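Letter by letter, the chains look like this.
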Amino acid sequence: MFNANSIDLKWKVVFGVTLTSVLSVLLAISIFASIELQRLEETVVNETSTIAEIIGGNSAGALSFSDTESGLEILQTLKAVPHIHDVIIFDDTGEPFVWYQWSGKENEEARSGTIDNLPSHFSKNVPIEKITTLDGEFSVVQKIMSEGSLIGTIYVLTDLKILKDTKSTYLI
């Protein structure tokens, strides 16, 4: 049977210092990982909101002149951002104007179109302006304004894969 009294004081001190050091390092790592994940989540939110604002601003002319071709060209630039999967731009009446969809996989083509070929899972109603996180996905809905007037609304859906990947990296 183990008898703590039979261990030299020197080894008890070494064990105590080692245990304290290990616990301190583990606590510091968990705090760092928690702060980093929170920062990363804020970055994803800010980046998606900024992209929605930029795409919305760039599509103002297309919305003003009901130019769906220009609207579709603007949405095709989103292929450079693989974590953005769905985008719908609604006009000032609340009707879908143009849409974009991509799985983020290199071997798949991005799809886009107008209200005439809107996929059935896309909403035909303008969502409420807000930011939502649900089931590993994150969505942003923002108004598109021009000279103080509402000319449309943009809906952007992105995945949170980068957060999952980062969490798994920290757990390894």
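Look above for the structure.
Residues numbered from 1 in each chain as written. Predicted model: local features only at pLDDT ≥ 70, side-chain atom pairs only at ≥ 80, totals over all residues. Heavy atoms only, no water.

A separate point is the overall build of the protein chain. Helices and strands together make up the secondary structure of the protein chain, namely four helices and six strands. Listing every helix and strand of the protein chain by position from the N terminus yields α-α-α-β-β-β-β-β-β-α. With respect to the principal axes defined by its C-alpha atoms, the protein chain has extents near 90 × 40 × 25 Å. The buried share among the 172 residues of the protein chain stands at 35%. Contacts in the protein chain between residues at least 24 apart in sequence constitute 51% of all its contacts with a sequence separation of at least 6. Surface exposure of the protein chain reaches about 11000 Å², of which carbon and sulfur atoms provide 58%. Charge centroids of the protein chain, computed over 12 positive and 23 negative side chains, lie 14 Å from each other. (Helix = DSSP H or I, 4+ residues; strand = E, 2+ residues; numbered from the N terminus. Buried < 20%, exposed > 50% of the residue type's maximum accessible area, 1.4 Å probe, protein only. Contact = heavy atoms within 4.5 Å. Areas by Shrake-Rupley, 256 points an atom, 1.4 Å probe, with all protein chains shown as cover. Lys, Arg positive; Asp, Glu negative; His and termini not counted. Charge placed at Lys NZ, Arg CZ, Asp CG, Glu CD.)

Strand order in the open sheet formed by six strands is β3-β2-β1-β6-β5-β4, with antiparallel pairing between adjacent strands. Edge positions in the sheet fall to β3 (111-114) and β4 (131-134), since each has one partner strand and no second. For this sheet, the mean angle separating the axes of adjacent strands, direction not counted, is 10°. Relative to strand β6 (residues 149-159), strand β5 (residues 137-146) runs antiparallel, the two sharing 10 bridges. Counted as the bridge partner of Ser146 is Ser149 from β6. On top of the sheet, helix α1 (residues 9-58) reaches β1 (84-91), β4, β5 and β6; it is set at about 35° to β5, its chief contact. Sitting on the sheet, helix α3 (residues 68-76) is in contact with β1, β2 (96-101) and β3, with an inclination near 30° to β2. (Pairing = 2+ DSSP bridges. Axes fitted to C-alpha atoms, helices over the stretch in contact; angles between N-to-C directions.)

Turning our attention to the nonpolar core. Membership of the largest hydrophobic core comes to 29 residues, with the highest contact counts inside it found for Ile55, Leu75, Leu78, Val87, Ile89 and Ile154. Breaking this core down by element, the ones donating at least two residues are α1, α2 (60-64), α3, β1, β2, β5 and β6. Discounting residues that sit within four places of it in the chain, Ile154 has contacts with Ala52, Ile55, Gly56, Val87, Ile88, Ile89, Val140, Val141, Gln142 and Ile144. Membership of the second largest hydrophobic core comes to eight residues, among which are Phe122, Val141, Tyr155 and Leu157. (Core = buried A, V, L, I, M, F, W, Y, C linked by side-chain atoms within 4.5 Å.)

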